[in-house]
Amino acid sequence: MEFTLRKFKDSDVLSIYKYAKNPKIAQNLRNVFPHPYALKDAAEFVTDALNDGETRQCLRAIEVDGEAVGSICVSFKEDVYQKCAEIGYWLGEPFWNHHIMSRAIAQMCEYVFAHYDIVRIEAQVFAYNTASIRALANAGFQKEGILEKRVFKNGEIFDECRMARLK
């Protein structure tokens, strides 16, 4: 399945809402990702994406067949971590298991390494999210370790898998 990484457009609000409202998406993301996901959440997200420059982050829509079906973002760190960044992403469930995310992660990393003064991109993944860990590994990330009892999500405590890709 083919995809494109591109900047967000005003017209992406409905498709982002369509895919982001799935509770399976929020289950694997930090609590800053709203659940339940409302149309106003999609509108605010797209507005922020359009208005935010690329000094703090590099944010792209994942497009399949002309529709925004997910999001991928590399957020730049500051202070002594200024050469590092963190990657985060989600993809609509109908597009899972098509190797889209591993290719999107690799493409985004290559872009960031080429256009920004970054030498390390890291990911913090809930350890139970084996699909995400596999996508990162397929995109060239190495597992650095497991942080035990690091995540509190939906009333439970989980381990976190730390992964990174170096320039």
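Our structure is the block above this text.
Residues numbered from 1 in each chain as written. Predicted model: local features only at pLDDT ≥ 70, side-chain atom pairs only at ≥ 80, totals over all residues. Heavy atoms only, no water.

Counting buried residues in strand 5 (residues 120-126) gives 6 out of 7 residues, a clear majority hidden from the surface. Pairing of strand 4 (residues 84-91) with strand 5, which is carried by 3 bridges, proceeds in the parallel orientation. Of the residues in strand 5, the one forming a bridge with Ala85 is Ile121. A crossover connection joins strand 4 to the parallel strand 5 through helix 4 (residues 100-115); in handedness this β-α-β unit is right-handed. Strand direction decides the pairing type here: strand 5 and strand 7 (residues 156-166), joined by 7 bridges, are antiparallel. Across the sheet, the residue bridging to Ala123 is Met163, located in strand 7. (Buried < 20%, exposed > 50% of the residue type's maximum accessible area, 1.4 Å probe, protein only. Helix = DSSP H or I, 4+ residues; strand = E, 2+ residues; numbered from the N terminus. Pairing = 2+ DSSP bridges. Right-handed = clockwise from strand over helix to strand, strands pointing away.)

Turning our eyes to something else, we now look at the nonpolar core. Grouped together as the largest cluster of nonpolar side chains are 53 residues, with contacts concentrated most on Ile62, Ile87, Ile105 and Phe141. Looking at this core element by element, the count peaks at 9 residues for helix 4. Those residues in contact with Ile87, other than ones at most four positions away along the chain, are Ile72, Cys73, Val74, Ile105, Cys109, Ile121, Glu122, Ala123, Leu136 and Phe141. (Core = buried A, V, L, I, M, F, W, Y, C linked by side-chain atoms within 4.5 Å. Contact = heavy atoms within 4.5 Å.)

This next bit is on the pattern of salt bridges. Under the criterion given, the structure shown has 16 salt bridges. The salt bridge partner of Asp41 is Lys40, with a shortest N-O separation of 3.4 Å. By relative accessible area, which is 11% here, Asp41 ends up buried. Sharing partners across several salt bridges, the network here consists of Arg30, Lys77, Glu86, Arg120, Glu122 and Glu144. (Salt bridge = Lys/Arg side-chain N within 4 Å of Asp/Glu carboxyl O.)

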